[in-house]
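# Architecture and fold: a report
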Amino acid sequence: MAADSAHASQKSQDEETRRDFLYLVATAMGAVGAGAFAWPLVNSMNPSADVLALASTEVDLTPIEVGQSLTVVWRGKPVFIRHRTEAEITEAAGVSLDELPDQEADSDRVVKPEWLIVGGNCTHLGCVPLGQKTGDEKGEFGGWFCPCHGSHYDTSGRIRKGPAPENLPVPPVEFLDDNTIKIG
Amino acid sequence: MSEHLKTNNAVIKWIDHRLPVFSMMNETMIDYPAPKNLNYWWNFGSLAGLALVVMIVTGIVLAMQYTAHVDYAFNSVERIMRDVNGGWLVRYIHMNMASFFFIAVFIHMFRGLYYGSYKAPREILWMLGVVILLLMMATAFMGYVLPWGQMSFWGATVITNLFSAFPLIGESIVTWLWGGFSVDNPTLNRFFALHYLLPFVIVGVVAVHLWALHRFGSNNPLGIEAKGPQDKIPFHPYYTVKDAFGVGVFLLAFSGFLFFAPNFMGHPDNYIPANPLVTPAHIVPEWYFLPFYAILRSIPDKLMGVLAMFASIGILFILPWLDRSPVRSAKFRPVYKWFFWLFFANCLLLGWVGQEAAEGLPLLLGRLATAYYFIHFLVILPLLGVMERPKPLPVSISEPVLKGGGALAGAAAKPMEKA
Ligand code: HEM
Ligand code: FES
């Protein structure tokens, strides 16, 4: 008798675990299905093929005199091109890395030292820093100053002071000849 | 609780038997018993509801004339202003009612803070309110992007960039939000779709908010529960009339802005078409975001700033568990009352700081005010719950009225009511 009832309870327990298992599998299947449905919808909001197929930008550098800057558009955003003076180059190269919040040597940020080419959106929240035009405030380090929340960049486009966490990014740049560059 | 529907109309009876909408309306808006001592601070819920309806109606009419494309958006809004019949009126109503919506909701929330309306058993009611606030903020933010002026563009850039603060996934989130590598046409398109959708989500949450409200009914200036029918009056006609009077005053103030200073709360830079290459010298969000913007900027670290800003609203969710005092209304909380006003002043200060450049004195004040904002919730409220000695509560809502001022003395024997 005891064996019988033990058998019965064993069986009902078995059934319960089997049912639990089925619930689990069905729910998991449903979740996977819902996820499989959601993903294409979510992913459709990522950049589309036409946005990704962004042409690169070619820029003729000849008209930019030493000490002048030019802003070009690449991927819908500004890119700063600065024809640096000797003083600016020396200053950028002379900074010891320990002083930098985002440590990068100037030589790693330029192909040719006289041409500094960096993305023109502040790495804090994306404003366009001042410093491209002659009359602009250039900040405490002679590069750029972002008025939105007060970030100062140096003559290598590196963040020196303020809430921005990173240096102005260096886009992929290729010199097609001495005076023409391709960004992207 | 509700009386039966009183009607002789056979059609209404026939419908109501099958689909009890009339009973429901009767129970929630006509016979609905409300505490009889509600003051004018209780008007702002219905005012917020009115604002929501106005936003949806004017918004749908605007959407019939608006073009969500970077090349046309700005001009389509200018066309609404100049060529569409009464377009200027519809747009100015939509613009200014957005501000008045926030005014109503902020007052509604401070009312809740003063009278302890977030306390048991109304925690979920309160939390749903915070959800509504978040949805409103998202809606208003995306709406402001639609005219595609300079402030639209740079506001969108700065706010979406907040998400880049998150380590590792930040950049991908921002690219995903934009649908590209900067705020651009895909961004404008999705913002329009969401700006159209979210108000209806708000309507849904408001319905649940009211559902939760009607579970226990309104709190009241004394913060004690109604003891029975003698403490309540039917919503109609007493509060329908009082609410309607409030609507009149609200619309009067609104009309003042609408007709005499429609751009007072806006920013002139938004009448300059968006230019991705030039950031306006002084970018500020709409006034209702200023206190939160001040919190964001007062913290020198990007990620911490973003987290603090989100936390400043998130903390409202757990408020019912931070304030441990069993007494709801500040009327009977002699110390909390002062801290409430201090908190209120602190919020105004944050708002002022938010529209100043983040340097010098404003920056310093912003930091102090940010710290105080969190101290209020995390230190002062929990401590007050234990240390403050509340004044004796009246026995019932009717009692102080019926027995005159002396009633409070009588209540002293029965010091505190655990609601
Ligand atoms: C919670 C409710 C809503 C809020 C808080 C809100 C807020 C806003 C704001 C702040 C603007 C910018 C106004 C300006 O500066 O020009 C705006 C624009 C706009 N909204 Fe709404 N809105 C709401 C509901 C709706 C709804 C339901 C629609 C329907 C589609 C809509 C359609 C539009 C359109 C087409 C614009 C662009 C035209 C313009 O700029 O005036 N809105 N909204
Ligand atoms: S966006 Fe440049 S400092 Fe904030």
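Structure: above.
What you see is a predicted model, and the numbers here were worked out from it, not measured in a lab.

## Quick notes on the coordination of the iron atom of ligand 1
All names here are of chain B. The coordination sphere of the iron atom of ligand 1 contains the protein donors His94 (NE2) and His195 (NE2), at a distance range of 1.9 to 2.0 Å. Here the iron atom of ligand 1 binds six donor atoms, and the angle range of 87 to 178° at the metal identifies the geometry as octahedral. On the criterion of sequence distance, the pair formed by His94 in helix α5 (residues 87–115) and His195 in helix α9 (residues 185–216) is long-range, its members being 101 residues apart. In this structure, His94 and His195 share a single accessibility class: buried.

## Describing the packing of aromatic side chains
Residue and element names in this part refer to chain B. The final tally for this structure, using the stated rule, is 38 aromatic pairs over all chains. When the centroid spacing of 5.6 Å and the interplanar angle of 65° are considered together, the rings of Phe141 and Phe191 count as edge-to-face. Placement of Phe141 in helix α6 (residues 123–145) and of Phe191 in helix α9 is noted, with a sequence separation of 50 residues between them. Taken together, the ring pairs connect Trp42, Phe110, Tyr114, Tyr115, Tyr336, Phe340, Trp341, Phe343, Phe344, Tyr373, Phe374 and Phe377 into an aromatic cluster.

## Here's the deal with the layout of surface pockets
All names here are of chain B. Of the volumes computed, that of the largest pocket is approximately 1500 Å³. If you trace the largest pocket, you find 49 residues lining it, with Gly45, His209, Leu210, Leu213 and His214 closest to the centre. Sorting the residues of the lining of the largest pocket by element identifies α2 (21–30), α3 (44–63), α5, α6, α9 and α10 (235–260) as the ones contributing at least two each. A per-element tally of the lining of the largest pocket places α9 first, with eight residues. Split by residue class, the lining of the largest pocket holds 29 nonpolar, 15 polar and five charged.

## A word on the interface of chain A and chain B
Across the boundary between the two partners, chain A contributes 26 residues, which contact 26 residues of chain B. Here chain A and chain B share an interface that buries about 2100 Å² over both sides, 67% of which is from carbon and sulfur atoms. Together, Met45, Leu125 and His149 of chain A form the three largest contributors to the area buried by chain A at its contact with chain B, with a combined 29%. Across the chain A-chain B interface, the total number found is eight residue pairs in polar contact (both at pLDDT 80 or more). When grouped by side-chain class, the residues that make up the side of chain A that touches chain B number 15 nonpolar, nine polar and two charged.

## Digging into the site of ligand 1
Residue and element names in this part refer to chain B. Close contacts around ligand 1 come from 25 residues, with Arg91, His94, Pro147, His195 and Tyr196 the closest. A distance of 2.8 Å separates a nitrogen atom of ligand 1 from a polar atom in the side chain of His94. Between a nitrogen atom of ligand 1 and a side-chain N or O atom of His195, the distance comes to 2.7 Å. The set of elements that each furnish at least two residues to the shell around ligand 1 consists of α3, α5, α6 and α9. The dominant element in the shell around ligand 1, judged by the number of residues it contributes, is α3, at seven residues. In the shell around ligand 1, the residues fall into 19 nonpolar, five polar and one charged.

## Section: the packing of helix α1 (residues 10–18) of chain B against α2 of chain B
All names here are of chain B. Between α1 and α2, the least distance of the axes is 7 Å, while the angle of their chain directions is 90°. By the angle class used here, α1 and α2 are roughly perpendicular. Counting all contacts with α1, which are made through Ile12, Ile15 and Asp16, the residues of α2 involved are Val21, Phe22 and Ser23. For the contact of α1 with α2, the residue count by class is four nonpolar, one polar and one charged.

## Regarding the environment of Lys77 of chain A
Within the secondary structure, Lys77 of chain A is located in strand β3 (residues 77–83). A C-alpha to C-alpha distance of 9.9 Å links Lys77 of chain A and Gly126 of chain A, two positions 49 residues apart in sequence. In this structure, Lys77 of chain A is in contact with Val72 and Asn121 of chain A together with Trp178, Phe181, Ser182 and Leu277 of chain B, ignoring residues within four places of it in sequence. In terms of polar contacts, Lys77 of chain A uses its side chain to reach the backbone carbonyl oxygen of Phe181 of chain B, at 2.9 Å.

## A few points about empty space enclosed by the protein
All names here are of chain B. Counting across every chain of the model gives three cavities of 30 Å³ or more. Put simply, the largest cavity is a space of about 800 Å³. Taken together, 40 residues form the lining of the largest cavity, with Met55, His94, Gly143, Tyr144 and His195 sitting closest to its centre. For the lining of the largest cavity, the secondary structure elements donating two or more residues are α3, α4 (73–82), α5, α6 and α9. Grouping the constituent residues of the lining of the largest cavity by class yields 27 nonpolar, 11 polar and two charged. Along its surface, the second largest cavity is lined by Ala294, Arg297, Ser298, Val353, Ala357, Ala358, Glu359, Pro362, Leu363 and Gly366. For the lining of the second largest cavity, the secondary structure elements donating two or more residues are α11 (290–298) and α14 (360–387). Taken together, the residues of the lining of the second largest cavity break down into six nonpolar, two polar and two charged.

## Things to note about the nonpolar core
Counting 125 residues, the largest nonpolar core has Tyr66, Leu113, Tyr373 and Phe377 of chain B as its most contacted members. Counting residues per element, this core draws most heavily on α5 of chain B, at 16 residues. Contacts of Leu113 of chain B, omitting those with residues within four sequence positions, involve Tyr118, Trp126, Leu319, Tyr336, Phe340 and Phe343 of chain B. Core analysis: the next-biggest nonpolar cluster, separate from the first, contains 12 residues, Val59, Ile81, Trp115 and Ile181 of chain A among them.

## Examining the packing of α11 of chain B against helix α13 (residues 334–354) of chain B
All names here are of chain B. Packing of α11 against α13 leaves a shortest axis separation of 7 Å and a crossing angle of 70°. Our classification of the angle between α11 and α13 gives roughly perpendicular. Here α11 contributes Leu290, Pro291, Tyr293, Ala294, Ile295 and Arg297 to the contact with α13, which in turn contributes Cys347, Leu350, Gly351, Val353 and Gly354. The class makeup of the residues in the contact of α11 with α13 is eight nonpolar, two polar and one charged.

## What about the side chain of Thr370 of chain B?
All names here are of chain B. With respect to the helices, strands and loops of the structure, Thr370 is situated in helix α14. For Thr370, a relative accessible area of 5% gives the class buried. A distance of 2.7 Å separates a polar atom in the side chain of Thr370 from the backbone oxygen of Gly366. Setting aside residues up to four positions removed in sequence, Thr370 forms contacts with Ala294, Ile295, Ser298 and Leu350.

## Description of a nonpolar patch on the surface
Residue and element names in this part refer to chain B. Where nonpolar side chains cluster on the molecular surface, the patch consists of Ile375, Leu378, Val379, Leu383, Val386 and Met387 and spans about 590 Å² of accessible area. Of note, Leu378 is situated in helix α14. Leu378 sits in the partly exposed class, given a relative accessible area of 47%.

Definitions and limits used
Residues numbered from 1 in each chain as written. Chains lettered and ligands numbered in written order. Predicted model: local features only at pLDDT ≥ 70, side-chain atom pairs only at ≥ 80, totals over all residues. Heavy atoms only, no water. Donors = N, O, S within 2.8 Å, 3.2 Å for Na, K, Ca; no water. Tetrahedral: all angles 85-135°; square planar, octahedral: opposite > 155°, others 65-115°. Helix = DSSP H or I, 4+ residues; strand = E, 2+ residues; numbered from the N terminus. Buried < 20%, exposed > 50% of the residue type's maximum accessible area, 1.4 Å probe, protein only. Phe/Tyr/Trp six-rings, centres within 6.5 Å; stacked < 30°, edge-to-face > 60°. 1 Å grid on protein atoms, 1.4 Å probe; cavity = no way out; pocket = protein on both sides within 12 Å on 5 of 7 lines; lining within 4 Å. Points joined across faces, edges and corners; volume = space filled by probe spheres on them. Nonpolar A, V, L, I, M, F, W, Y, C, P; charged D, E, K, R; others polar. Contact = heavy atoms within 4.5 Å. Buried area = accessible area lost by both parts, 1.4 Å probe. Polar contact = N/O pair within 3.5 Å; in protein donor to acceptor, adjacent residues only side chain to side chain. Near = heavy atom within 4 Å. Axes fitted to C-alpha atoms, helices over the stretch in contact; angles between N-to-C directions. Parallel < 35°, antiparallel > 145°, perpendicular 65-115°, else oblique. Core = buried A, V, L, I, M, F, W, Y, C linked by side-chain atoms within 4.5 Å. Patch = residues over 30% accessible without salt bridge, like charges linked within 9 Å, V, L, I, M, F, W, Y side chains within 5 Å. Areas by Shrake-Rupley, 256 points an atom, 1.4 Å probe, with all protein chains shown as cover. Salt bridge = Lys/Arg side-chain N within 4 Å of Asp/Glu carboxyl O.

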